[in-house]
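Listed below are the residues making up each chain.
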Amino acid sequence: MAQLLLLHLIAAALAPWLAKTLRTKAFPLLALVPATAFAWLLVVATDVRDGNLPTQRIPWVPGLGLDLDFRLTTLSWVVALLVTGVGALVLLYCTWYFRDDDPTLWRFTSVFTAFAGAMLGLVLTDNFLMLYVFWELTTVLSYLLIGHNPGSSTNRRAAMQALLVTTFGGLAMLVGIIAIGVHHTYSISALLADPPPLDAVTVAAVVLLLVGALSKSALVPFHFWLPGAMAAPTPVSAYLHAAAMVKAGIYLVALLAPVFAGAPAWHALTLGLGLLTMIVGGWRALRQHDIKLLLAYGTVSQLGFIVAIAGLGTKTAALAALALVLAHGLFKSTLFLVVGVVDHAAGTRDLRRLSGLGRRMLPVSVPAAFAGLSMAGVIPMAGFVSKESALESLWEEAQEAAPFPSIYGYLALAAVVVGSALTVAYTCRFLWGAFATKPGVPPTPITVPHPGFVLSPLLLGVGCLALGLLAPFESPWLMPYAVTLPTGASPEPLALWHGVTVPLLLSLVSLGVGVALFAQREAFARAQARVPALVDGERGFARTLRAVDRGAVETTAVTQRGSLPIYLASILLVFVALPGMAAVTQGRLPEVRLWDNPAQAVVGALMIAAAVLVLVTRRRLTAVMLVGATGYGVAMLFVLHGAPDLAITQMLVETVSLVVFVLALRRMPTKFTRHPDSPSRTWRLGLGAAVGAAVGVIALVASGGRTTTPVSVDFPTEAYTFGHGKNIVNVTLVDIRAWDTLGEVSVLVAAATGIASLIFVRTRNTRLSRATAKALPSSNAARGTWLLGGRTMRKEKRSVIFEVVTRLVFHIMLAASLYLLFAGHNQPGGGFAGGLVAGLALVVRYLAGGRYELDEAAPFDAGLLVGLGLLVAVGSALAPLAFGGTILETTAVDFTLWPWGEVHLVTSLVFDIGVYLIVVGMMLDIVRSLGTGIDRQIAEEQEQDEQQQETEDEPEELQTEGARP
Amino acid sequence: MGDFAVPNLLPLPVLLPLLGAALALAFRRSDRLQRIVSIAALAGVVVVAAVLVWQTDASGPQVLWLGAWQEPLGISLVADRLSALMLLVSSVVTLLVLLFAIGQGHADSDDEVARETPLSIFHPTYLVLTAGVANAFLAGDLFNLFVGFEILLFSSYVLITLGGSASRIHAGTTYVVVSLLSSALFLIGIAATYAATGTVNLAQLAIRIGGLDSGVALVLQLCLLTAFAIKAAVFPMSAWLPDSYPTAPAPVTAVFAGLLTKVGVYAIIRTQTLLFPESPLTDLLLWAALLTMVIGILGAVSQSGLKRILSFTLVSHIGYMIFGIALSTQAGTAGAIFYVVHHIIIQTSLFLITGLVERIGGSTSLHRLGGLAMASPLLATLFFVSAMNLSGVPPFSGFLAKIGLVDAGIAVGTPLAWVVVAGGIVTSLLTLYALSKVWSQAFWRPLAEARQVAELAAEEAADEAEQFEQAELDAGRRPRGTTTITAAPTGVALAVDTSPRALPRMMLGATAAMTAVGLSITLVAGPLHAFTERAAADLRQRDPYVTSVLPEQVRR
Amino acid sequence: MTTLAPTGFESTLTPNITLVLVVVGLVAVGTALALDRSLVRVLLGMVLIGNGVAVLYLVVSGRAGRAPFVGEDPAAMSDPLPQAMVLTAIVISLATIGFLLALSYRLWQISGTDDVPDDAEDARIQRLARDDETSETYDRSEESTTTSDERAEAGESRG
């Protein structure tokens, strides 16, 4: 069975290619695929009848209970016959339905073949989850088929309607399946063999499963999608909406009936909604002018009828249901295919414009007549046999009051009679509408269809008759399913003639009433027009969708404010409400001490004072200075705590930050746009206080929780014996936790790149612009050359003293930075501190001499430096591997080097050098971007201002102004 | 292999990209060398990750104490099944996205757009990003996890503001500031953790937190959860995401959407299972999952831009993963892991496809798109399959991931769990709705009809915007001086020329490969699901992790 | 550095309330600033929060002590591990400052102010909500899919 599905899959995959080369000739070839399946079904027919059910099992996701289990039962055999047989004929029919030059053939052939495969899989599988898989596949593929002509907005909407409605049902069904699966089994045969007790979960699951079935088979209130789906090409309607997909719901009901027909709500949903649908569908079919739509409503009506019978739960009903499925599949696909031929031949499907086709199109009108009679339930057609048997099953129910009170049985009988009468009436309307010669309507001009085009409807139409005549032989093949139902007596075999029985009388009544209705069609139509639409599912659907959409808009408008402060506030509120409140309510406050050193209180008070002042100042620079003050305060606290490395680094970072702030903010207005006491200040302050308090309480509660010594208790001994360094913090940074440091310098690499990219938007960095005496304007060359680049600065900005000092200090700072780098392992310092000092040296050069001076001081590319640093750091991390060590492992090397004598070199120094280079590179990037880069933009803008009256020149020229000659 | 120790491979997923970044910076004048280096580095990571998956599955968690420091002094890298799997998926994704980006660069090399994505910045930054992601997955140390986050965050700051255009700066600002706040909260959480336990090693924390007062443990748990939930975009801390992701260049959005939130999810899974096994927060997380799913998907339904729709579905589906985590059962955890794998791949695919849509249609606004199914059948097929996959339509991975979670939810069976299952089902349906709207309008609707509609909308919107601004000002809801960019950003102005550009082969190839990877999950679903089950079992037992990291004598 | 007696490596912590109050103050002010619209103020707020967090690490590292150098009495030493972590955090905060300043500068360059603007797309949705409108991609057509079927069929491809 898996092979058959694989065949469909391969065919679907090859179909686009086939369609491109063979055009419509691809269809007969593809028709062979379902035909093969059909043939196989015939081969195994006797096995199925005798109970030697073919099974197959291929594991897929055993952990989820989702496996490719197949099992051919009588029920699935019957539906599969229909699906494959009609599928093959419809594909054949497509050969003449589509034009050879249709550009969508590749898509249609593929999707249609895939659909046929999915449908076959649906009925063959023995695994509930797989059933859902195929079920949804048919939904999605039918979505594509309904939207085959997406040029019209109506078609697109119809496709989406069908998709959403059936997926809704499908998802409900999925929950039902899983609810049963989790507690019992996903195996269909196991479920049928050993049904679970009808507890609350199971009943809920059964209801959910039925919702899926009802939506798929287009029962009220989901019925509206099916007429909408008539937007699909007619072969699709003939297959999906007559023979195959809509039968899936019936299949599911029939599948579950043997075990769940006794569940509460089962009969209300199947029988109740089914018969309601039968009447609603018939009623609305009588109002249609489009013969395809008429058939669609007729299908709705019939589906309701079949679901009702399949859901009844007795043996007789089960037999009837199978007969109905077959009969309906045959006559309805015939009729749809006929509509396709008529539509092509006459160019319309409007029964008010069609006239005189019957006699001129005998090859079509004859099978249509067979099928019509079958639909109306006229002897000796298949439809008659099955309806007879359905009425019989209801009559039997009413007589025996099992499985539900007989009053409902009689009501159901009455409903079926009414529904059948409507069926007869719309059948007449169809046949009359399509083929009759209407007074006052000129004969519709037609083009004679190709003989092949009528072959499929002809065969199917004859089938309607044949199946009726052969009814007595039909029963043994269907009976194995019927006997699996627990209720009722063994059914009588199907037959054309059971004698004069109540069902026969009822049948005659409905026939008579139906014909009368048709005869009085105009009067009846007027009556219909006065009755308001009973069930308008489509409007309900539209309203629901609109409500969802409106709800979505309203919800999103509330939750998605688009405002950064609000986003931050919501995050902070969560922080206060969850960890903050947990600390307050669940935590215990520990013993505290006032301070380690009273100086902490003094520094702390100053810091808080500075912070509070930030809140009230409007001047940017003041705010920056005040924040800087708190930073220096932190450094003081580090000193007081006994953390000299931190203090040094913090000082340097703070200093660098201040410079960077000043550089970046120099072009912005000196004041913030808005006054700090804007209306929102209250809540900002309130939230700030809450967050601060939360952090404080968390810190206290967490500290109070400590019961063990920290892991770092071993650092002092290990740092020296294993890390070869005396500065424990530095050993931690470059060795114990060197991996953190490596990550951290990666952050610097990214940040450096990012800063450059934000200022020099287009490339990472610009060309260096080194000053040469010749190339540069020397407005003030006379004033000495302490700093080469200084000459490029404007006169009033130059300061000789600053230049002199810079000249002297620069190298001292570089030396100091190197000292910090090399001594760091044993004394305060390290790569970070060293790099920052070197960076500051560059900053000083820039401040004193301007952008050209910077390039003089560092005549290389920052990116290169950063890259080199990263290379050194990563290389030193990897190097130990070459010596059989672990990544980042450190060793000490002792050797003699003139003139220092004995050198004790720890390999982690190399790593620290990498760090140093990256920090210098980042500093260079920062100064180049926020210093030089902004300088340049200022210069450009000034230049532009000057040239404003003249012709506009690209500022490109300015960028290259200082390029090396 | 002999005596080569597999644990020595552990740092490579971080070091190889960093090495690549260093070289890319050095070779920044040669596009060609940069490309070669980047591809080589990431391909190397894929190989390493594959070996790790195989090795962790065969012989348990792999541990490396960096620098050979005696446990538990230094930093440990740990790859258990979960880490290795995440690493493999993320490395495949980053490699394919890199190829897409290179393809884009090729295609644009003589184009104005080239300036928009300066590759000399892109390569090193992108490599650092992947190093950060890998580090986060491998970190066996809470503080190192923070560092991993910082690496990926800083590179993401650079990538999201690439090109520095107004929209990217605005969006990037939101992203950067929110991320900074989350980092600060994470640091506070680490401080609190260290205060209570005196360690940051995860395995040691697993032991020590067990000995804490339950109130203190709860505070730590909530601190970490809050920090990670921001990164993972869990409601109500998710609104930043749809405002920031959509403006970045296509490959950047793709990798962000696919990976970055999942790193947050990973961190939640790791810390919740390892550190707080007896979580008292099941109900809280279930509520968070429900709200994230439903509010996220309602957001998607209300949008009109493809990238924003996808960003909202991204948020929404994070809810599924939180759902699995919240259940605190093995099936739930396995379901969450499976969903993470599926979602990384599918979101990346969809955003790559969106990148192609943008190329071909000149926009990602549904107002302007039309006729794509005709214009590029292949692209249409890729989109349709991926959209169905995301919506959880069988037989794709989204469906498999979904049934894993629904299964776990129903097995737990509390009323709240049922409610969340229902919410998940509704979310699934609305995802299908949102994406079928896209399909219907961008792919099915003829371009001519789209243009007509757009013209009408343009007129309306222009009037509307004006009125709204005025009304808001009058109502005093928006302080004066606050800029709201209302100048006809999406959908209102018509693209001058939307003549389709041919899709560069390499971009299309990378996208198709990404989609194929997603589809292949369907084929390997059996082994993959079994793997996630084993991974989840490891996580719930905690023993495999803790005992491989710490020798007996230091387990205190 | 007068207190030498106890050690930084305690098995119980008695937090320093002064430092805790400094943390509370810095974080509170920092948060209030971070909620501002001006990106520069946001940055300053983040720096303040960062400073507060640095002090928080002092709180959790126990008592003050001697600088952690080999040769000091370990019993009188401050805990080096939080110090290493803070050092990492400090350097990252420098990177943050640099990047955010570049971002603020660019924002100012683009929009003439460093105020962070509200998201335009979100504003559109809010407009729709205010007007009780459906979303822009919602299919507003009220037409039934079936009554106009004939018209649709006219466009169908037939061969």
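Residues numbered from 1 in each chain as written. Chains lettered and ligands numbered in written order. Predicted model: local features only at pLDDT ≥ 70, side-chain atom pairs only at ≥ 80, totals over all residues. Heavy atoms only, no water.

### A few points about the overall build of chain B
- In terms of regular secondary structure, chain B is built from 21 helices and two strands.
- Considering chain B as a whole, with its 556 residues, one finds that 72% of them fall into the buried category.
- Considering only residue pairs separated by 6 or more positions, chain B has 82% of its internal contacts joining residues 24 or more positions apart. (Helix = DSSP H or I, 4+ residues; strand = E, 2+ residues; numbered from the N terminus. Buried < 20%, exposed > 50% of the residue type's maximum accessible area, 1.4 Å probe, protein only. Contact = heavy atoms within 4.5 Å.)

### Considerations on the packing of aromatic side chains
- Under the counting rule described, the total for this entry stands at 40 aromatic pairs over all chains.
- On the numbers, 5.0 Å between centres and 35° between planes, the contact of Tyr143(A) with Trp444(B) is tilted. With one member in each of two chains, Tyr143(A) in helix H6 (residues 128-146) and Trp444(B) in helix H17 (residues 415-444) form a pair that bridges those chains.
- Assessed through its relative accessible area of 1%, Tyr143(A) is described here as buried.
- For Trp444(B), a relative accessible area of 5% translates into the label buried. (Phe/Tyr/Trp six-rings, centres within 6.5 Å; stacked < 30°, edge-to-face > 60°.)

### A few points about the UniProt feature "domain: NADH:quinone oxidoreductase/Mrp antiporter transmembrane" (unreviewed entry) in chain A
- Per the UniProt entry, the sites bearing "domain: NADH:quinone oxidoreductase/Mrp antiporter transmembrane" (unreviewed entry) are residues 126-397 of chain A in this numbering.
- Helix makes up 77% of residues 126-397 of chain A and strand 0%, and the two end C-alpha atoms of the span are 31 Å apart. (UniProt positions renumbered as here; feature names shortened; annotations may be inferred.)

### Focus on helix H1 (residues 17-34) of chain C
All names here are of chain C.
- Helix length check: H1, at 18 residues, gives a terminal C-alpha distance of 25 Å against a target of 26 Å (1.5 Å per residue), a fit within 8%.
- Across the 18 residues that make up H1, a large majority, 15, are buried.
- Two or three places before Thr-18, at the start of H1, stands the capping residue Asn-16, its side-chain oxygen 3.0 Å from that residue's backbone nitrogen. (Expected span 1.5 Å × (residues − 1). Polar contact = N/O pair within 3.5 Å; in protein donor to acceptor, adjacent residues only side chain to side chain.)

### Brief notes about the interface of chain A and chain B
- With 117 residues of chain A in contact, the opposing surface of chain B contributes 125 residues.
- Together, the buried faces of chain A and chain B total about 10,300 Å²; carbon and sulfur atoms form 76% of this surface.
- Between the two partners, chain A and chain B, sit three salt bridges.
- The salt bridge partner of Lys437(B) is Asp549(A), with a shortest N-O separation of 3.9 Å.
- Between the two partners, chain A and chain B, sit 19 residue pairs in polar contact (both at pLDDT 80 or more).
- Tallying contributions element by element places helix H7 (residues 153-183) of chain A first for the side of chain A that touches chain B, with 15 residues.
- The residue makeup of the side of chain A that touches chain B, split by class, is 70 nonpolar, 31 polar and 16 charged. (Buried area = accessible area lost by both parts, 1.4 Å probe. Salt bridge = Lys/Arg side-chain N within 4 Å of Asp/Glu carboxyl O. Nonpolar A, V, L, I, M, F, W, Y, C, P; charged D, E, K, R; others polar.)

### Considerations on the packing of helix H10 (residues 250-275) of chain B against helix H13 (residues 330-361) of chain B
Residue and element names in this part refer to chain B.
- Contact pair H10 / H13: the axes reach a minimum separation of 7 Å and the direction vectors enclose 170°. On the basis of their axis angle, the class for H10 and H13 is roughly antiparallel. Facing H10, whose interface residues are Ala-250, Pro-251, Thr-253, Ala-254, Ala-257, Gly-258, Leu-259, Lys-262, Val-265, Ile-269 and Thr-273, H13 presents Thr-333, Ile-337, Val-340, His-343, Ile-344, Gln-347, Thr-348, Phe-351, Leu-352 and Gly-355.
- Classifying every residue of the contact of H10 with H13 gives twelve nonpolar, eight polar and one charged. (Axes fitted to C-alpha atoms, helices over the stretch in contact; angles between N-to-C directions. Parallel < 35°, antiparallel > 145°, perpendicular 65-115°, else oblique.)

### Observations regarding the interface of chain A and chain C
- At the interface, 152 residues of chain A touch 114 residues of chain C.
- Taking both partners together, chain A and chain C bury about 11,400 Å²; carbon and sulfur atoms supply 66% of that area.
- At the surface where chain A touches chain C, the tally comes to four salt bridges.
- For Asp132(C), the salt bridge goes to Arg550(A), with nearest N and O atoms at 3.2 Å.
- Applying the counting rule to chain A against chain C returns 33 residue pairs in polar contact (both at pLDDT 80 or more).
- Sorting elements by how many residues they give to the side of chain A that touches chain C places helix H29 (residues 681-704) of chain A first, with 14 residues.

### A short note on the nonpolar core
- Counting residues in hydrophobic clusters, the biggest one holds 604 residues, and the most contacted among them are Leu66(A) and Leu930(A).
- In this structure, this core is formed jointly by two domains, domain 1 (268-438) and domain 2 (726-946) of chain A, each of which donates at least three residues.
- Other than its neighbours up to four places away in sequence, Leu930(A) contacts Val660(A), Leu663(A), Ala664(A), Arg666(A), Ile755(A), Ile759(A), Gly98(C), Leu101(C) and Ala102(C).
- Judged by nonpolar contacts, the second largest core, of five residues, contains Val553(A), Ile125(C), Leu128(C) and Ala129(C). (Core = buried A, V, L, I, M, F, W, Y, C linked by side-chain atoms within 4.5 Å. Domains from an automatic or database assignment.)

### A look at the confidence of the model for chain A
Residue and element names in this part refer to chain A.
- Looking at chain A as a whole, its pLDDT mean stands at 88, while 93% of the residues score no less than 70.
- Throughout residues 763-784 the model reports pLDDT below 50, and contacts reaching past four residues in sequence, or to other chains, amount to 60 contacts.
- In the model, residues 952-965 has pLDDT below 50 throughout and makes 13 contacts with residues more than four positions away in sequence or in other chains. (pLDDT = per-residue confidence, 0-100.)

### Some thoughts on helix H3 (residues 80-111) of chain C
All names here are of chain C.
- The end-to-end C-alpha distance of H3, which contains 32 residues, comes to 46 Å, matching closely the 46 Å that a straight helix rising 1.5 Å per residue would cover.
- Within H3, 28 of the 32 residues are buried, which leaves it mostly tucked inside the rest of the structure.
- Measuring from the side-chain oxygen of the N-cap residue of H3 to the backbone nitrogen of Leu-81 gives 3.1 Å; that N-cap residue is Asp-79.
- Downstream of H3 by a residue or two, Gly-112 has a phi angle that is positive, lying close to 75°.

### Notes on a negative patch on the surface
- Side chains of Glu455(B), Glu459(B), Glu460(B) and Asp463(B) sit close together on the surface and give a patch of like negative charge.
- Looking at Asp463(B), the relative accessible area reads 48%, which means it is partly exposed. (Patch = residues over 30% accessible without salt bridge, like charges linked within 9 Å, V, L, I, M, F, W, Y side chains within 5 Å. Areas by Shrake-Rupley, 256 points an atom, 1.4 Å probe, with all protein chains shown as cover. Lys, Arg positive; Asp, Glu negative; His and termini not counted. Charge placed at Lys NZ, Arg CZ, Asp CG, Glu CD.)

### Here's the deal with the side chain of Ser365(A)
All names here are of chain A.
- Counting through the fold element by element, Ser-365 comes out in helix H17 (residues 362-376).
- Only 2.8 Å separates the side chain of Ser-365 from the backbone oxygen of Gly-358, close enough to count as a polar contact.
- Apart from the residues within four sequence positions on either side, Ser-365 is in contact with Gly-358 and Phe-435.

### A closer look at the packing of helix H5 (residues 142-160) of chain B against H3(C)
- H3(C) packs onto H5(B) with a crossing angle of 10° between their chain directions and a minimal axis gap of 12 Å. One element, H5(B), and the other, H3(C), form an angle in the roughly parallel class. In contact with Phe143(B), Phe146(B), Val147(B), Glu150(B), Phe154(B), Tyr157(B) and Val158(B) of H5(B), H3(C) contributes Met85(C), Thr88(C), Ile92(C), Ala95(C), Thr96(C) and Phe99(C).
- Its residues assigned to classes, the contact of H5(B) with H3(C) shows ten nonpolar, two polar and one charged.

### Focus: the confidence of the model for chain B
All names here are of chain B.
- This prediction gives chain B a mean pLDDT of 87; 89% of its residues lie at or above 70.
- Taken element by element, chain B is modelled with least confidence in helix H18 (residues 447-475), mean pLDDT 70, and with most confidence in helix H11 (residues 282-302), mean pLDDT 96.
- Note that residues 110-117 has pLDDT below 50 and, in this model, ten contacts with residues that lie over four places away or in other chains.
- Note that residues 477-499 has pLDDT below 50 and, in this model, 48 contacts with residues that lie over four places away or in other chains.

### Remarks on the UniProt feature "domain: NADH:quinone oxidoreductase/Mrp antiporter transmembrane" (unreviewed entry) in chain B
- Feature annotation in UniProt assigns "domain: NADH:quinone oxidoreductase/Mrp antiporter transmembrane" (unreviewed entry) to the following positions: residues 139-422 of chain B.
- From the first C-alpha to the last, residues 139-422 of chain B spans 36 Å; its make-up is 80% helix and 0% strand.

### Focus: the environment of Phe224(A)
Residues and elements named next belong to chain A.
- The residue Phe-224 is located in the loop between helix H9 (200-216) and helix H10 (225-228) in this model.
- Between the alpha carbons of Phe-224 and Gly-537 there is a distance of 5.7 Å; along the sequence they are 313 residues apart.
- Contacts of Phe-224, omitting those with residues within four sequence positions, involve Gln-161, Val-165, Gly-537, Glu-538 and Phe-541.

### Digging into unusual backbone geometry
- Cis geometry marks the peptide bond from Ile379(A) to Pro380(A); its omega dihedral reads 10°.
- Mapping Pro380(A) onto the fold places it in the loop between H17 and helix H18 (382-400).
- Cis geometry marks the peptide bond from Phe235(B) to Pro236(B), where omega comes out at 5°.
- Assignment of secondary structure puts Pro236(B) in the loop between helix H8 (214-232) and helix H9 (240-244).

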